[in-house]
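# An overview of the molecular structure
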Amino acid sequence: MRFLLLLWLCVAAIIIYIQRNAISVLAPQMQTDLSLTNNQMSAVMSAFYWSYGLAQIPMGILCQYLGSRRGLILSMTMASVLCGLMAVSSSFYSILFFWMMTGIAAALVFPCCVQAFSHWFPKSGLSLPSGIFTSSMSVGGAISAALTGMLLLIGASEVATVANAPESVELAAKAVAATPEAVKQGLFNWRSIYVLYMLPGFAWVVLFGLWFRNYPADHRSVNAGELALINEGTDSNEVERTPQRIRLPWGKLLASKQMLLLGGQQLFRNAGYIFIGTWFPTYVMSVYKVSIETAGVLAMFPLFGVVAGAASSGALSDWLLKKTGSRVISRQYVGGFGQLFCAISLLLGWWTSNLGVAVALFSFGAFSMSFGSCCSYTVVMENCRPHVGPAFGMMNMAGNIGGALSPLLAGIVATTFDWESVILMYVGMYVLAFFGWMLMNTENNFFTEESIK
């Protein structure tokens, strides 16, 4: 049953990422319909990330108080409602408000998911669900771009020009390139797409709410054998329910060495990840002088690397834990050396003049980088009990600050120097993420400082 829970939570992540990433394809039509300037549209997009990032710690605390079941029902319901309310936006201020509130609602989803994993999976098997779960986020983002592009083209005047296109990515690219006036003539526009995207969230809430329980012992379909496996390696005292109103040690959450290192590696790692989804096509166009269509297609390969790395790193990390019994080797070294290999791959990609080799190296770098994503989620679940929700919020807030600053820094460096200097900046960031991992102590609980068995 624990793997059925994993499926449920992966579907939740995909739904959230479909809703949140659609704006990147819908932006041109939204700007035309609402008469928004480029600066106003940028402010709307940025509002989500800032509200989402700054709400992480409060939502993590709320997650611990409500429990995963009530927290997920509340957050998925509110995120879907706000997604639908985007369709009734009539001005810059209304769409800014709805999108900012969507970020706050989405901020509660992931601490609740991570807290659920910590209750439903054995300590020796937490990395596998972490890897699959984080890869599902990228899957949701990819589905959002392709599906939104195809919906915009249904019945639009531009559809005849791409009727024989073999790939959904080409359809999405055509939808973005098409004039807003042409796309408006189709069956779907940006308002109807937001209404459509809110519906899966409501269905998920009803079905998941009926099925899920916070603890596997309370679920009638969890048999004694699986329950014993889940509790394997767990102290008898720890099997007892964690009080949801347990006092939170604020000093250790915000200022302890271990939490600062965990947040620091997340900040630098996520900053590099955001580059793939923002400036990477521009970098390829500027340095290698290719068309926007070619750059768009090449940008897919690092994203594929992220999905593959996140999905495979979980199995590797758990296998190493069972073989060695060491969380330093299985969590710290897997996460840390993933960042070092990423830095080396980016440096080699910067050095080569061959486009194909460069994209292959950047893709391998993205693959290696995502090992840190999986391991950081696992470390929160293993080393931050009983404050998994708030600790995840702290770590994810740092990551989102890095993600918000990353495009700005890349633009400044590219303007001041050149795009090749941007790659060197991210090499440095991944080296810092590596040292963040190496200085951590994943053998002890970050709050109690007791050894983890």
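The notes below deal with the structure included here.

So, about the overall build of the protein. When helices and strands are counted, the protein shows 22 helices and 0 strands. For the protein, with 453 residues in total, the buried portion stands at 55%. When contacts within the protein are restricted to residue pairs at least 6 apart in sequence, those whose partners lie at least 24 apart make up 82%. When the accessible surface of the protein is summed, it comes to about 18500 Å², and 67% of that surface belongs to carbon and sulfur atoms.

Time to look at the side chain of S370. Structurally, S370 can be placed in helix α20 (residues 355–383). Within polar-contact distance, the side chain of S370 engages the backbone oxygen of V306 at 3.4 Å. The residues touching S370, leaving out its near neighbours within four places in the chain, are G305, V306, G309, A310 and S313.

Counted under the stated rule, the structure contains 5 salt bridges. Between R327 and E382 there is a salt bridge, with the nearest N and O atoms lying 3.1 Å from each other. Remark: E382 occurs in helix α20 and R327 occurs in helix α19 (residues 327–351); sequence separation between them is 55 residues. As far as the burial class goes, R327 and E382 line up, both buried. Through salt bridges with shared partners, a single ionic network connects D318, R327, R331 and E382.

Inspection of every chain in the model, using the stated rule, returns 3 cavities of 30 Å³ or more. As a volume, the largest cavity reaches approximately 120 Å³. In terms of lining, the largest cavity is formed by 14 residues, of which the most central are G272, F275, I276, L346 and Y430. The set of elements that each furnish at least two residues to the lining of the largest cavity consists of α15 (257–277), α19, α20 and α22 (419–438). Top element by residues in the lining of the largest cavity is α20. It accounts for 4 residues. When grouped by side-chain class, the residues that make up the lining of the largest cavity number 12 nonpolar, 2 polar and no charged.

For the pair helix α1 (residues 2–21) and helix α8 (residues 127–153), interaxial distance at closest approach is 7 Å and the crossing angle is 30°. With respect to α8, the axis of α1 lies roughly parallel. Here α1 and α8 pass one another in a crossing that is right-handed. Facing α1, whose interface residues are F3, L6, L9, C10, A13, I14, Y17, I18 and N21, α8 presents L128, P129, I132, F133, S136, M137, V139, G140, G141, I143 and S144. By residue class, the composition of the contact of α1 with α8 is 15 nonpolar, 5 polar and no charged.

Turning our eyes to something else, we now look at the environment of T448. Position of T448 among the secondary structure elements: in the segment after α22. Spatially, the C-alpha atom of T448 lies 10.0 Å from that of P249, the residues being 199 residues apart in sequence.

L9, F110, F133, Y194 and W204 are the most contacted members of the largest nonpolar core, which has 92 residues in total. Broken down by element, the residue count for this core peaks at 11 residues, all from α1. Other than its neighbours up to four places away in sequence, F110 contacts A13, I16, Y17, Y52, F133, M137 and F392. Counting residues in each nonpolar core, the second largest holds 30 residues, with Y283, Y288, A295 and M429 among its members.

Inspection of the secondary structure assignment puts S368 in helix α20. With near-sequence residues (within four places) excluded, S368 lies in contact with G338, Q339, F341 and C342.

Between its first and last C-alpha, helix α7 (residues 109–120) extends 17 Å over 12 residues, near the 16 Å set by a 1.5 Å rise per residue. Burial within α7 is extensive, with 11 of its 12 residues counted as buried. Burial in α7 covers these residues: V109, F110, P111, C112, C113, V114, Q115, A116, F117, S118 and W120.

A few words on the packing of α8 against helix α11 (residues 190–211). Orientation of α8 relative to α11, taken along the N-to-C sense of each, is 130°, at an axis distance of 11 Å. By the criterion of interaxial angle, the relationship of α8 to α11 is oblique. In the packing of α8 onto α11, the handedness of the crossing is right-handed. Between α8 and α11, the residues in contact are S144, L147, T148, L151 and L152 and I193, L196 and Y197, respectively. For the contact of α8 with α11, a count of residues per class yields 6 nonpolar, 2 polar and no charged.

About the criteria used
Residues numbered from 1 in each chain as written. Predicted model: local features only at pLDDT ≥ 70, side-chain atom pairs only at ≥ 80, totals over all residues. Heavy atoms only, no water. Helix = DSSP H or I, 4+ residues; strand = E, 2+ residues; numbered from the N terminus. Buried < 20%, exposed > 50% of the residue type's maximum accessible area, 1.4 Å probe, protein only. Contact = heavy atoms within 4.5 Å. Areas by Shrake-Rupley, 256 points an atom, 1.4 Å probe, with all protein chains shown as cover. Polar contact = N/O pair within 3.5 Å; in protein donor to acceptor, adjacent residues only side chain to side chain. Salt bridge = Lys/Arg side-chain N within 4 Å of Asp/Glu carboxyl O. 1 Å grid on protein atoms, 1.4 Å probe; cavity = no way out; pocket = protein on both sides within 12 Å on 5 of 7 lines; lining within 4 Å. Points joined across faces, edges and corners; volume = space filled by probe spheres on them. Nonpolar A, V, L, I, M, F, W, Y, C, P; charged D, E, K, R; others polar. Axes fitted to C-alpha atoms, helices over the stretch in contact; angles between N-to-C directions. Parallel < 35°, antiparallel > 145°, perpendicular 65-115°, else oblique. Left-handed = near helix turned anticlockwise from the far one by under 90°. Core = buried A, V, L, I, M, F, W, Y, C linked by side-chain atoms within 4.5 Å. Expected span 1.5 Å × (residues − 1).

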